[in-house]
Amino acid sequence: MDVVMPQLGETVKEGTVTVWHKKVGERVEANELLFEVNTDKVETEVPAPVSGVLAAILVAEGGTVQVGTTLAVIEEDGKPRAAPARDAPLSPVVRRLLAENGLDASAVTGTGAGGRITRDDVLAHVERSKTGGKPQGDERLPLSKVRKRTAEQMALSWRTIPHVLQAVEVDFHAVDAARLPRALTYLPFVAFAVCRALPEFPALNASLDGDALVLHRRINLGIAVDLGGEGLIVPVVKDAGEKSLPELARAIHSVSEKARSGRLAPDDVTEATYTLSNSGRFGTLLTAPIINPPQVAILSTDAVTRKPVAQGETVAIHPVGVLAQSFDHRALDGAYSAAYLRKLKQILEERDWAADLGRGP
Amino acid sequence: MAELTYREAVAAGIAQEMERDERVVFLGEDVAAAGGVFKATVGLLERFGPKRVRDTPISELAIIGAAMGAAMTGLRPIAEIMFSDFLAVCWDMIANEVAKARYMSAGQMTLPLVIRTANGSGARFGAQHSQSVENWAMSVPGLKVVAPSTPADVKGLLAAAVRDPDPVVFFEHKGLYATKGQVPDGEHVDRLGTAKVLREGGDVTVVALAAMVPRALEAAERLQREDGISATVIDVRSLVPLDTKTILAETVKTGRLYTVEENPRLCGWGAEIASIAAEECFYDLDGPIVRITTPHVPLPAADALEDGTVPSVARIVETIRRTAG
Amino acid sequence: MPTLTKDAAPPNTAATRLALFRSQTEIRLLEKRAYDLFLQNLVKGTSHLSLGQEAVAAGFAVAMRRDDYTFCTYRGHAHTLARGAPMVGILGELMGRTCGLMGGKGGSMHLTSVPHGAMGSYAIVGAHLPVAAGAAWSAQVRGSGQVAVCFFGDGATNIGAFHEALNFAVVWKLPVIFVCENNQYMEYTPIRSVTAVEHPAADRASAYGLERIVVDGNDADAVYGAAAAAIGKARGGGGPSLIEAMTYRYSGHSRADPGKYRPAGELEEWMKRDPIALYRARLLELGTPEGALREVEKAVQRAVDEATEAAKESPPSPLDVIERDVWADGGSSWRN
């Protein structure tokens, strides 16, 4: 039976085989983990469809193919095939090329019938090895799939969108009163505030589509998650606007955890309408975030530190942080964005957070 | 360019050469007054007269013997043996006499003659009128062997054969007489010993002859469409001299060689090519050389049986599909 | 008694008769030398000698034009020599030397000298009859007036090619003369025991609409007369002839055959009618001086001896001729 690249999301067209959990010749049971696939930074584990012996692997780890491409062949129980491919004798040209290049057959992936190593397989292997050579002194680190994808997106955004940065300083004293007893972070509060503010500023919860601005009814909040040096991923909390503060907090926590542990589903990273980028724990004052097209804005929250603030005519020590928004100047103007930011500030500083949290966690 | 049938190209080729060189004469059974049993020599008697275009009795030994005697004394005869199966009737003349006269006389004799004959299956004539015997001629030193697949090649290679100073056995395919093709206007002379690459592909190299050529081309189209297998197809055209350079170069490019032969299995022309490739391209072969041939049986007469014996497009496709991996 | 055609014209000049004597003598002495060389193991393989059959070859050769064509069998030394091929070339070919007519490529059975009109000696029984017809056809097409003379043994009259060639030549009215040297024996079998008619060639002539002609093959004048008539007829556009010349061979079929299958006394009877002895006697009778005849014999012997020495001195054929002359370009290549 042929094992093919699965369709892991409605909009997913190709995938990369990242790990084979079985070797050619090994027995595999139906539903046992057979391999892993990465689609647009999301890793998915794929089980074997039938029981039998893995007769051939046609796409090696690292190979990217279209959905539907045959990746491997399982010789099903009760449906035997001819001799296992990996043991098939090497053809004269293959033996010559292996010898000429100092290669062992086990180093080469076979894509011929039944996984046989073909002449082109050896030539391709040699070609790949050539381009992977290290220059003297420097160390060359190939970019991971995720980083490459991130890099592509960042460059595209920066190239096409005229970014304008605006910032407001927010006093989180009121937020602290509500969050500390519940060991919450600032993020859900900012997110909640965003969900309350965006309906008054629909142009910010929108997508630029050619010469039209598509105003989204739903608020799908993208929560940018740093993958610890491996790039960024932005899982999405769908319909964030309809969630209560506790629900929102839980949802954010959940997607963040899934992101960090590599358990996101492909649909978890699609359809965001507005993005929050939380750099708080890095201790920065201000960040100019890069918008995720086709969105028109992104909000960065940086470190909240205790600072002296004016309270009437006296000085108090309050938690203060900067909220900075990058917006797409093609879609909206500074006054609009500024008004939104003032609204956010107002919500964060003046809302009755205890009421939003209700009783209980 | 003009569109001619394969049979018209035969007459056109003979006429071209008889017009050019008065030493060219033509003899055979029913070739003059009747224009040939396959109507391949229509009009020649009318055009060149009874001195140079002659009907003979049913006497194959006499036909070839006369051609040989005439060739060694200054003429350039074209002799027709009606069905290639009948080469067996005069095989002494062809293999023992014509092929060897020059060698045995240490070059004193030159025999610039052409033996043309209708070869191959497809007409439902049964085992003694349907054979492909070009491999017999290939195996005798001293004979040049040609088997064209298109009207243009018929005319061009026949002209080249007539102009060649050595004996040439020219195998026309009776199943191709009605086929049509573009033939260059004016004088058209091809070269013996040259194969033609009719189609370039990257996965397999298919070598075919005469009526097997169009089948190989059709099979290549199907393999591309249905299996994504891309095939190079070579029309050998000339068995002796053999264009080994082209055949081997194209074999090395893909690493996979197939022959499509109408001969019965043993000692078909493809066996020699397979042997040469195995010896000279061994370290470039990415899989076994596969010969697609008629099985080693006489040819049955019934249409379904005959079609099921000689390599068909379907069998060519299936064989390559099954073994090309 | 052998009959001559009504057009038969025996030689009527002394010069012609001397030529006939000389030709027969050359053949006899050369063939005897070939026999000796075989016994000395200088001639390998096999050799088919014409001892006792000299009159047929000489009679026709003298009657032919220089540009006429001769086709003969593997028993062809006599005919090749009679057309004027050099002795050293014939002996050299038998001994596989560079000076051989074909450089050792053909051997005894295939002696060929195209410049002398000796268009090959043929080892497959009967094969050359159609070829001779073809050469005659060529002369006819070209209008050159040349004729082809084709010599074969009694055994050839029963093979397919004989019948095809005869019919073909008659139907196309070709200038070819078919000459059957009936020496009474196929290889080891008397011809009579395997043939449906008494005279294997002459008794079949009528099947092809040809005149029945039997001549005394041991009488050079009779042979010459029949030859001249048939050649004249062919050259004049009268078509082919079939002539059966009765003769006898002294040796076995080939050198390997001591001829023990012949009835006792048969050989002796025929040797009484030795063609050369017969002709010598006739010339003397007609007034040729004995001295002249002896001069011829001495000269021929000298020529044979010189040719023998020259041939012996010629080196064996080199190996590099093996791959030459399959094709007109001198090579043998079948591929690029």
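From a predicted model like this one, the values you see are computed outputs, not experimental measurements.

K.L.:
Could you give an account of the interface of chain B and chain A, with specific residues and numbers?
P.N.:
Between chain B and chain A, the contact holds eight residues from the first and 11 residues from the second. Classifying every residue of the side of chain B that touches chain A gives three nonpolar, three polar and two charged.

K.L.:
Lay out the packing of helix 5 (residues 128-142) of chain C against helix 6 (residues 160-172) of chain C with the relevant residues and their values.
P.N.:
Residue and element names in this part refer to chain C. Between helix 5 and helix 6, the least distance of the axes is 8 Å, while the angle of their chain directions is 20 degrees. When the axis of helix 5 is compared with that of helix 6, the two are roughly parallel. At the point where helix 5 passes helix 6, the crossing takes the left-handed sense. From helix 5, L129, P130, A133, A136 and W137 reach across to helix 6, where they touch A161, F162, E164, A165, F168, A169 and W172. Its residues assigned to classes, the contact of helix 5 with helix 6 shows 11 nonpolar, no polar and one charged.

K.L.:
Can you explain the domain arrangement of chain A? Please cite residues and give values.
P.N.:
Residue and element names in this part refer to chain A. Taken domain by domain, chain A consists of domain 1 (2-131) and domain 2 (146-357). Each of domain 1 and domain 2 has a C-alpha centre, and the two are 43 Å apart. Counting residues at the interface gives nine residues for domain 1, matched by 10 residues for domain 2. Broken down by class, the residue content of the side of domain 1 that touches domain 2 amounts to three nonpolar, three polar and three charged.

K.L.:
Residue-level account of the arrangement of the chains, with values.
P.N.:
Contacts are most numerous between chains B and C, taken over all two pairs of chains that touch. Contact between chain A and chain C is absent, and the minimum C-alpha spacing across the pair is 24 Å.

K.L.:
I'd like a description of the pairing of strand 17 (residues 314-328) of chain A, backed by residues and values.
P.N.:
All names here are of chain A. Here strand 9 (residues 163-171) pairs with strand 17 via nine bridges, running antiparallel. Bridge pairing in strand 17 places V168 opposite L323. With 13 bridges joining them, strand 16 (residues 297-311) and strand 17 adopt antiparallel strand pairing. Note on strand 17: the bridge partner recorded for T301 is L323. Following strand 16, the chain reverses through two residues before pairing antiparallel with strand 17; G312 in that reversal takes a positive phi of roughly 65 degrees.

Calculation rules
- Residues numbered from 1 in each chain as written.
- Chains lettered and ligands numbered in written order.
- Predicted model: local features only at pLDDT ≥ 70, side-chain atom pairs only at ≥ 80, totals over all residues.
- Contact = placed C-beta atoms within 7 Å.
- Nonpolar A, V, L, I, M, F, W, Y, C, P; charged D, E, K, R; others polar.
- Axes fitted to C-alpha atoms, helices over the stretch in contact; angles between N-to-C directions.
- Helix = DSSP H or I, 4+ residues; strand = E, 2+ residues; numbered from the N terminus.
- Parallel < 35°, antiparallel > 145°, perpendicular 65-115°, else oblique.
- Left-handed = near helix turned anticlockwise from the far one by under 90°.
- Domains from an automatic or database assignment.
- Pairing = 2+ DSSP bridges.

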